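Below, each chain spelled out in residue letters.
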Amino acid sequence: MLLGVGWEQICTGILVSKHCVLKRMEDSSKEEYRIQSFDMETQKLLKTALKDPGSVDLEKVSNVIVDQSLKDQVFSKEAGRICFTIVQAEAKQSSSSVFRRNLLNRLQQEFKAREDTRKKSTQEWVCLVSFICNIFDYLKVNNMPMMALVHPVYDCLFRLAQPDALKNEEEVDCLVLQLHRIGEQLEKMNLQRMDELFCLLRDGFLLQDGLSSLGRLLLLEILEFRAGSWTLSETAQKYYYSEVTD
Amino acid sequence: MSYTHKYRRDDDCKVDENRNKGSLRWSHCRKRGADGSVRGPQREAESTQSSSKREHRPQRPESFTTPESEGPVSRIRNWGDEVEADEMRTSVRRDMQRYRRRILAGEFVQRERKTSSGSSDSRDSRDSPAPGDIETDETVLMRRQKQINYGKNTLAYDRYIKEVPKHLRKPGIHPRTPNKFKKYSRRSWDQQIKLWKVKLHAWDPPAEEGSDLQAVEDFDFDMECSVDPEIELQYPKSTSASSSLPQDSCTGTPSKMMKLDELEIA
């Protein structure tokens with residue numbers, strides 16, 4: 001995996017000249033971590049955080065990342081990666097977890113204010129959900145997902161499964177994306193809530209007016225996806241994805 | 001006769017079991033919930049209801065309702081703390097599995113107790129306890145792990161492990177991390193940690209000329225009584241503490257310290 005290769009290169013920096021290592025990081029990290037949307041100064045800050053976390057203000061770094069995630073849809077879907085790398089780097093360098101703590105507490109604040117965020121801007125709300133789910137996906141602790149995030153993630157998904165949200169294609173799209181990515185893991189952590197969520201989705205699909213046809217299709221696909229143990233059968237794959245969309 | 005006990009707090013209701021049946025069962029218990037509303041026999045306590053869905057730790061409800069709060073208040077303070085506690089818990093569990101496997105694999109030397117000297121410690125850390133006889137209480141283990149972490153997150157420890165690989169360690173001279181899985185009293189454990197950390201100070205980065213490491217080699221840990229004045233300077237802490245030995249040493253120890261430990265073990 002590209003991530004692993006990049007990290008090993010940092011560790012064996014003695015063998016490769018520092019300049020080369022940096023150059024390689026420069027080229028790959030932009031693409032890998034999707035930080036193209038940040039301004040140059042911030043990009044520099046992030047790159048330094050990845051290599052030498054002790055030398056930067058980690059609280060600032062975590063705020064920068066969260067702020068951007070709420071604005072940038074592309075970044076919100078992949079921000080977990082850069083966060084994980086910084087967490088690892090900090091743990092290795094100084095056995096501390098300042099960055100993770102700051103990140104999580106800031107995330108918690110945003111989570112608490114999610115209803116207001118949703119009222120203010122659907123896009124920001126959707127970005128928030130993507131970001132939280134992405135963090136859940138990448139930031140593993142001792143190779144296990146963070147227990148503390150299980151219920152908050154479910155809360156977000158439940159909100160997206162409410163009638164008013166299902167009318168919104170943007171929100172349905174977000175919902176199914178998250179379920180595709182982390183549904184299986186979430187289900188392992190708490191089966192009961194997943195069952196409840198899917199009851200809502202089934203009801204939404206069958207009973208609700210105001211669903212767009214795309215919305216309906218997305219829901220049907222996710223229902224089938226889970227029914228097939230988080231994978232699509234070949235025929236289902238053909239049914240949903242073989243036609244080219246306009 | 002059996003009845004399902006819905007309330008966590010109302011243990012005092014059990015007394016009324018015989019006299020009251022049906023809707024009058026709870027009449028002698030708290031009639032009102034914390035929010036003031038009258039409780040019926042069917043309704044579950046608000047806190048258990050709101051938390052029952054969310055509970056994944058059956059022993060403690062995740063939220064509770066107090067008269068001052070408006071509604072259920074989460075027990076979780078913040079995600080940062082929660083994840084750190086989580087991390088420690090999973091680390092401790094993983095350590096425990098590893099330790100259990102090691103015991104069962106017989107990796108530890110069984111020390112023979114033929115020479116039953118009065119001062120020999122029955123809890124020698126090189127003895128392997130029976131697999132069932134280890135500390136399993138998570139609260140205790142986590143507290144101990146935290147104390148160990150404080151000791152390990154020091155420059156001294158870093159320097160120590162870089163300098164002395166495990167297989168080159170000499171008992172008595174080289175500090176050894178107390179084994180959190182062995183059964184010890186609270187005081188005994190705290191004392192072991194203290195002694196261990198004091199010993200680690202020998203590897204503190206040199207603040208002045210005259211390396212601390214030099215002092216370690218010269219300093220005779222078997223010394224019970226008088227303290228070398230030169231050492232006195234480098235060990236500003238109480239001299240008796242620095243010259244005492246950990247429990248796994250076979251040589252003599254200051255009798256005062258030893259008695260204290262023996263008392264605790266007894």
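None of the values given here were measured: they were computed from a predicted structure.

Novice: I would appreciate a short explanation of the packing of aromatic side chains in the present structure.
Specialist: Here a ring pair, both rings aromatic, is described through the centre-centre distance and the interplanar angle of the planes. Tallied over the full model, the rule gives 11 aromatic pairs over all chains. Taking the centre distance of 4.9 Å and the plane angle of 20° together, the rings of Tyr99 of chain B and Phe181 of chain B count as stacked. Here the residue Tyr99 of chain B occupies a position in helix α2 (residues 79–104), and Phe181 of chain B occupies one in the loop between α4 (155–163) and α5 (186–200), the gap between them amounting to 82 residues. For the residue pair Tyr99 of chain B and Phe181 of chain B, the accessibility class agrees, reading buried in each case. Taken together, the ring pairs in this structure connect Tyr157, Tyr160, Trp196 and Trp203 of chain B into an aromatic cluster. The residue whose ring lies beneath Arg114 of chain A is Phe111 of chain A, and the NZ or CZ to ring-centre distance is 3.9 Å. A cation sits over an aromatic face here: Arg144 of chain B above Trp189 of chain B, 4.6 Å from the ring centre.

Novice: When you look at the packing of helix α6 (residues 79–94) of chain A against helix α9 (residues 122–138) of chain A in this model, what are you seeing that I'm missing?
Specialist: The description of two packed helices rests on the angle between their axes and on the distance between the axes. Residue and element names in this part refer to chain A. Where α6 contacts α9, the two axes come as close as 8 Å, and the packing angle between them is 45°. What the angle tells us is that α6 and α9 run oblique. Crossing of α6 over α9 shows right-handed handedness. Contacts between α6 and α9 pair Ala79, Gly80, Arg81, Cys83 and Phe84 from the former with Phe131, Asn134, Ile135 and Tyr138 from the latter.

Novice: Can you help me understand the interface of chain B and chain A in this one?
Specialist: Many authors give the size of an interface as the accessible area that is lost as the parts come together. Facing 17 residues of chain B, the contacting portion of chain A comprises 21 residues. For the pair chain B and chain A, the summed buried surface comes to about 1,800 Å²; carbon and sulfur atoms form 55% of the total. The tally of links between chain B and chain A comes to two salt bridges. The salt bridge involving Arg100 of chain A is made with Glu87 of chain B; its shortest N-O contact spans 2.8 Å. On the surface where chain B and chain A come into contact, there are 10 residue pairs in polar contact (both at pLDDT 80 or more). Of the residues belonging to the side of chain B that touches chain A, the class tally is two nonpolar, six polar and nine charged.

Novice: What am I meant to see in the pattern of salt bridges here?
Specialist: Working definition: two side chains of opposite charge can pair if their charged atoms are close together. Overall, the coordinates contain 19 salt bridges over all chains when judged by the stated rule. We note a salt bridge from Asp95 of chain B to Arg98 of chain B, for which the minimum N-O separation is 3.9 Å. Highlighted residues: Asp95 of chain B and Arg98 of chain B, both in helix α2, separated by three residues, approximately one helical turn. Classification of Asp95 of chain B as buried rests on a relative accessible area of 16%. The structure contains a network of salt bridges with shared partners spanning Glu115, Arg118, Arg159, Asp164 and Glu171 of chain A.

Novice: It is not clear to me how the confidence of the model for chain A should be interpreted in this structure. Could you clarify?
Specialist: In regions of low pLDDT, the predicted coordinates are not meant to be interpreted in detail. Residues and elements named next belong to chain A. Chain-level pLDDT for chain A is 88 on average; 86% of the residues reach the 70-or-more range. Of all helices and strands in chain A, the one with the weakest mean pLDDT is helix α1 (residues 2–11) (50), whereas α9 scores best (97). Taken together, the stretch residues 11–18 has pLDDT below 50 and engages in four contacts with residues farther than four places along the chain or on a different chain.

Analysis parameters
Residues numbered from 1 in each chain as written. Chains lettered and ligands numbered in written order. Predicted model: local features only at pLDDT ≥ 70, side-chain atom pairs only at ≥ 80, totals over all residues. Heavy atoms only, no water. Phe/Tyr/Trp six-rings, centres within 6.5 Å; stacked < 30°, edge-to-face > 60°. Helix = DSSP H or I, 4+ residues; strand = E, 2+ residues; numbered from the N terminus. Buried < 20%, exposed > 50% of the residue type's maximum accessible area, 1.4 Å probe, protein only. Lys NZ or Arg CZ within 6 Å of the ring centre and 35° of its normal. Axes fitted to C-alpha atoms, helices over the stretch in contact; angles between N-to-C directions. Parallel < 35°, antiparallel > 145°, perpendicular 65-115°, else oblique. Left-handed = near helix turned anticlockwise from the far one by under 90°. Contact = heavy atoms within 4.5 Å. Buried area = accessible area lost by both parts, 1.4 Å probe. Salt bridge = Lys/Arg side-chain N within 4 Å of Asp/Glu carboxyl O. Polar contact = N/O pair within 3.5 Å; in protein donor to acceptor, adjacent residues only side chain to side chain. Nonpolar A, V, L, I, M, F, W, Y, C, P; charged D, E, K, R; others polar. pLDDT = per-residue confidence, 0-100.

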